[in-house]
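For reference, the chains in residue letters:
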Amino acid sequence: ERRLGRCGWGQFEEDTLAEYCMTNVRGKAVLQKCINEGTPSRQLWRFEDKLEYDEDELPYDCGGILKNRADKKCLAPIRGGIKRGRRLALDKCDKGDGKQQWLGDGDTLVPESKERLCVWYRGDLEEGAPMVLKKCENLDSLNFGRK
């Protein structure tokens, strides 16, 4: 379910079991069990921009760089560009870097330059599964919930 206009600090939670969240672990984006009470800063993310949009044209409500609260670094692909299968990590924030531009609608997180790719995990749904870019088709949602 979409949570419109909520771009402040929040968690990205996978929707299959609603148990695991995207977490910054030593500079890499991986899944860890969600901690909902007293959420640690490594599980808190914030979009830089709240987007003004026409739902028919642009179904996203948050965008720009995606900052992690723990180290104030931003989500980016590891070594290189936005490609299918690319692992995600944290890098020094750079608003001018196209690889750090993301769009979110409360259910999906996509790179602005390739909206057919979605942030998801690789392998089994378990602690430590790496966050990667995958084709959006047939994926469950990665829910963004404001904290």
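See the structure printed just above.
Worth saying up front: this structure is predicted, and the values here are computed from it rather than measured.

*Asks:* What is the right way to look at the state of the cysteines in this model?
*Replies:* Any covalent bond linking the sulfur atoms of two cysteines counts as a disulfide. The final tally for this structure, using the stated rule, is 3 disulfides. Here Cys74 engages in a disulfide with Cys93; their sulfurs sit 2.0 Å apart. Between Cys74 and Cys93, the disulfide has an S-S torsion of 90° and is therefore right-handed. One end of the pair, Cys74, is in strand β6 (residues 74-77); the other, Cys93, is in the loop between β7 (88-91) and β8 (102-104), and 19 residues separate them in sequence. Disulfide pairing is shown between Cys118 and Cys136; the S-S distance is 2.0 Å. Between Cys118 and Cys136, the disulfide has an S-S torsion of 105° and is therefore right-handed. Remark: Cys136 occurs in the loop between β11 (131-135) and β12 (142-146) and Cys118 occurs in strand β10 (residues 117-121); sequence separation between them is 18 residues. Given a relative accessible area of 5%, Cys118 falls into the buried group.

*Asks:* Quick question: what am I supposed to make of the pattern of salt bridges here?
*Replies:* Where charged atoms from two side chains of opposite charge come close, those side chains can pair. Scanning the entire structure with this criterion turns up 3 salt bridges. Lys33 is the partner of Glu19 in a salt bridge, and the nearest nitrogen-oxygen pair spans 2.5 Å. Linking Glu19 in the loop between β1 (10-14) and β2 (20-25) with Lys33 in strand β3 (residues 28-33), this pair joins segments that are 14 residues apart in sequence. Its relative accessible area of 39% is what places Lys33 among the partly exposed residues. A salt bridge links Asp97 to Lys99, with the nearest nitrogen and oxygen atoms 3.8 Å apart. Overall, the relative accessible area of 18% leaves Asp97 in the buried class. Look at Lys99 and you get partly exposed, because its relative accessible area is 32%.

Procedures and definitions
Residues numbered from 1 in each chain as written. Predicted model: local features only at pLDDT ≥ 70, side-chain atom pairs only at ≥ 80, totals over all residues. Heavy atoms only, no water. Disulfide = S-S within 2.5 Å. Helix = DSSP H or I, 4+ residues; strand = E, 2+ residues; numbered from the N terminus. Buried < 20%, exposed > 50% of the residue type's maximum accessible area, 1.4 Å probe, protein only. Salt bridge = Lys/Arg side-chain N within 4 Å of Asp/Glu carboxyl O.

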